[in-house]
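# Fold and contact review
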Amino acid sequence: MERKMNRLSIINSVAQAIKAQTYIEIGVNTGEVFFSVHVRQKIAVDPHFKFSGRAKLHRIPQVRKLLYKNHEHFYEMSSDDFFAEQSELMEKFKPDLSFIDGLHTYGQTYKDVMNCLKYLSPKGVIIVHDTNPICPAFETPAVHSIQEVLDKANKGEIPGWTGNWSGDVWKAIVRLQCEREDLSIFTLDIDWGVTIITRKNNANKLSVKDIDSLNYKDLDQNRVKWLNLKKPDFLEELIQGLTC
Ligand SMILES: C[S@@+](CC[C@H](N)C(=O)[O-])C[C@H]1O[C@@H](n2cnc3c(N)ncnc32)[C@H](O)[C@@H]1O
């Protein structure tokens, strides 16, 4: 039987390929992905964990120690505060795999990628979620929080709103494609866009002006080139290139 491909299966495939020992997830929510990632040492960062049931036990240090020998570490704070406060920890932790799925704005996602890159191990990989919005409502940009978008949606100000939101995370990918010759960046067209960033030469270097002012229409006309969008089965090729 074919296994369903989504962000979790992609993360676990990459983790296996690079033999990842350390994992950080920015934006964890209920822990649906975090608790199912098969990497020994894990860091979770989110200003508001929404764990329930058994997962809630992870927040009690004694229980964690008993169940997981303290291989999972929880930081209930924004990613900016985490990186500001935990530079020493991150120097030692050196994530092999970083999953960025926190505040879905262009600026914050770009910052989160740059902060993860600073500490990424030499064989490290960064995965960014929600990089390929499929309609303007889905892409509605926010400045500080998802609440701004929800408020607009509640007032009926977002035509076509379905409750799904990716914001303008995609602009961070376009900016990285423009700025970084040392990063190879692909987006798998699955699960609203799963972008995989590795330390290899960028064969898709872009030159896009005034990224701040771009909108959904611009993305729609350029998404294949800008996101380096690939069919999901491209993952196999990618994994072969990563396997160590
Ligand atoms: C889409 S959910 C994450 C889902 C999770 N990664 C998964 O795949 O199941 C986004 C999360 O980002 C968190 N978040 C919002 N602002 C953040 C910030 N500045 N730093 C870190 N996380 C943030 C929210 O609290 C929310 O739980």
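In case you missed it, the structure is sitting above this.
Described in the following lines is the structure provided in the data block. These figures come from a predicted structure and were not determined experimentally.

## Observations regarding the pattern of salt bridges
Within this structure, the stated rule accounts for eight salt bridges. Taking the shortest distance from any N to any O, the salt bridge between D191 and R7 comes out at 3.1 Å. Here D191, found in the loop between β6 (184–188) and β7 (194–198), pairs with R7, found in helix α1 (residues 7–17); they are 184 residues apart in sequence, far enough to count as distant. Assigned by exposure class, D191 and R7 land together as buried. For the salt bridge of D220 with R223, the shortest nitrogen-to-oxygen distance reads 2.7 Å.

## A short note on the site of the ligand
Residues in contact with the ligand amount to 17 residues; listed here are only the nearest, R7, E25, G27, D46 and D101. At 2.6 Å from an oxygen atom of the ligand is found a side-chain nitrogen or oxygen belonging to D46. Protein contacts shield 83% of the accessible area of the ligand, which totals 610 Å² for the unbound molecule. In this structure, the ligand is accommodated by the largest pocket.

## Notes on helix α7 (residues 146–154)
Its side-chain oxygen 3.0 Å from the backbone nitrogen of Q147, S145 forms the N-cap of α7. Among the residues trailing α7, G156 stands out with phi positive, at a value near 70 degrees.

## What about unusual backbone geometry?
You will see that K94, though not glycine, has its phi angle at about 40 degrees, which is positive. Secondary-structure assignment places K94 in the loop between α4 (87–93) and β4 (97–100).

## Some thoughts on the environment of K171
Among the structural elements, K171 can be located in helix α8 (residues 170–179). Judged by its relative accessible area of 4%, K171 is buried. Sequence separation between K171 and Y106 is 65 residues, and the spatial gap between their C-alpha atoms is 5.6 Å. At 3.1 Å, the side chain of K171 forms a polar contact with the backbone oxygen of D212.

## A word on empty space enclosed by the protein
This model, assessed by the stated rule, comprises one cavity of 30 Å³ or more. Around the largest cavity sit I100, D101, G102, L103, H104, T109, D112, V128, H129 and V169, which together line it. Partitioned by chemical class, the residues of the lining of the largest cavity number four nonpolar, four polar and two charged.

## Here's the deal with the sheet that holds strand β8 (residues 229–230)
Spatially, β3-β2-β1-β4-β5-β7-β6-β8 is the arrangement adopted by the eight strands of the open sheet, whose pairing is mixed. Of all the strands in the sheet, just β3 (72–75) and β8 have a single pairing partner and so form its edges. For strand β1 (residues 22–26) and β4, the ladder comprises four bridges, and the chain directions are parallel. Looking at β4, one finds that Y23 is bridged to L97. In this fold α8 packs onto β5 (125–129), β6 and β7, with an angle of close to 150 degrees to the strand it touches most, β6. Strands in contact with helix α10 (residues 234–242) are β5, β6, β7 and β8; relative to β6, the strand with the most contacts, it is inclined by about 150 degrees.

Cut-offs and rules
- Residues numbered from 1 in each chain as written.
- Predicted model: local features only at pLDDT ≥ 70, side-chain atom pairs only at ≥ 80, totals over all residues.
- Heavy atoms only, no water.
- Salt bridge = Lys/Arg side-chain N within 4 Å of Asp/Glu carboxyl O.
- Helix = DSSP H or I, 4+ residues; strand = E, 2+ residues; numbered from the N terminus.
- Buried < 20%, exposed > 50% of the residue type's maximum accessible area, 1.4 Å probe, protein only.
- Near = heavy atom within 4 Å.
- Polar contact = N/O pair within 3.5 Å; in protein donor to acceptor, adjacent residues only side chain to side chain.
- Areas by Shrake-Rupley, 256 points an atom, 1.4 Å probe, with all protein chains shown as cover.
- 1 Å grid on protein atoms, 1.4 Å probe; cavity = no way out; pocket = protein on both sides within 12 Å on 5 of 7 lines; lining within 4 Å.
- Sits in = over half its atoms within 2 Å of the grid points.
- Points joined across faces, edges and corners; volume = space filled by probe spheres on them.
- Nonpolar A, V, L, I, M, F, W, Y, C, P; charged D, E, K, R; others polar.
- Pairing = 2+ DSSP bridges.
- Contact = heavy atoms within 4.5 Å.
- Axes fitted to C-alpha atoms, helices over the stretch in contact; angles between N-to-C directions.

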